[in-house]
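Chain by chain, the residues run as shown.
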Amino acid sequence: TVAGAMDHDAELLLTGRSVQLAVAGEAAAIATGGNDDRTLHDFIRDAHAAGVTIKVCTPNLEQWGTELIAEIDETVGSSYLVGEVMDKQTVTLTY
């Protein structure tokens, strides 16, 4: 969210089990704690509104479902992920 708000070209790519968070209703069911009632979907909305592009790895959709939240900009294949990771201009952060 901060990178997007700072006008950096920021992208969130959901792959593997994290694709489940892109399925409608899943991220909305995860409370983030703290002093408010925000869900993980609220944080995804904030990131998207700040300019972060959100992509989902297509092969994992078969396992988790295809009814996606509105913030998903694109579905991509595994070759996209490998291409981005191998690009020397790409900075990858993983949590």
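You'll find the structure just up there.
Rules used throughout
- Residues numbered from 1 in each chain as written.
- Predicted model: local features only at pLDDT ≥ 70, side-chain atom pairs only at ≥ 80, totals over all residues.
- Heavy atoms only, no water.
- Pairing = 2+ DSSP bridges.
- Helix = DSSP H or I, 4+ residues; strand = E, 2+ residues; numbered from the N terminus.
- Right-handed = clockwise from strand over helix to strand, strands pointing away.
- Phe/Tyr/Trp six-rings, centres within 6.5 Å; stacked < 30°, edge-to-face > 60°.
- Lys NZ or Arg CZ within 6 Å of the ring centre and 35° of its normal.
- Buried < 20%, exposed > 50% of the residue type's maximum accessible area, 1.4 Å probe, protein only.
- Contact = heavy atoms within 4.5 Å.
- Arc of directions from axis to C-beta.
- Core = buried A, V, L, I, M, F, W, Y, C linked by side-chain atoms within 4.5 Å.
- Salt bridge = Lys/Arg side-chain N within 4 Å of Asp/Glu carboxyl O.

Caption draft 1: Main features of the pairing of strand 1 (residues 11-14). Examined bridge by bridge, strand 1 and strand 2 (residues 53-57) share four bridges and lie parallel to one another. In the strand pairing of strand 2, Leu12 is matched with Ile54. Regarding topology, helix 2 (residues 40-49) serves as the crossover connection from strand 1 to the parallel strand 2, and that connection is right-handed.

Caption draft 2: Examining the packing of aromatic side chains more closely. Applying the stated criterion across every chain, the model contains zero aromatic pairs. Positioned over the ring face of Phe43 is Arg38, at 4.3 Å from the centre of the ring.

Caption draft 3: A look at the environment of Thr53. Mapped onto the secondary structure, Thr53 falls in strand 2. Exposure remark for Thr53: the relative accessible area of 25% places this residue in the partly exposed category. The contacts of Thr53, once residues within four sequence positions are left out, are Ala10, Glu11, Leu12 and Asp73.

Caption draft 4: Focus on helix 2. Among the residues of helix 2, His41, Ile44 and Ala47 are the ones counted as buried. The buried residues of helix 2 occupy an angular sector of 115° when projected down its axis, which confines them to one face. Elements in contact with the buried residues of helix 2: strand 2. Looking one or two residues past helix 2, Gly51 carries a phi angle of roughly 110°, positive in sign.

Caption draft 5: Highlighting the environment of Ala29. Within the secondary structure, Ala29 sits in the loop between strand 1 and helix 2. Classification of Ala29 as exposed rests on a relative accessible area of 64%. Each C-alpha atom of the pair Ala29 and Leu40 lies 7.8 Å from the other, and the pair is 11 residues apart in sequence.

Caption draft 6: Quick look at the nonpolar core. If you look at the biggest cluster of nonpolar residues, it comprises 13 residues, and the most contacted ones within it are Leu14, Ile54, Val56 and Ile72. When contributions to this core are tallied by element, the ones reaching two or more residues are helix 2 and strand 2. Those residues in contact with Ile72, other than ones at most four positions away along the chain, are Leu14, Ala22, Ile54 and Val56.

Caption draft 7: Region of interest: the pattern of salt bridges. In the structure shown here, the tally under the stated rule is five salt bridges. Put simply, Glu11 and Lys55 hold a salt bridge, and the shortest N to O gap is 3.1 Å. In this pair, Glu11 is assigned in strand 1 and Lys55 in strand 2, connecting sequence segments 44 residues apart. A relative accessible area of 36% means that Glu11 is categorised as partly exposed. Under the relative-accessibility criterion, Lys55 is labelled buried at 8%.

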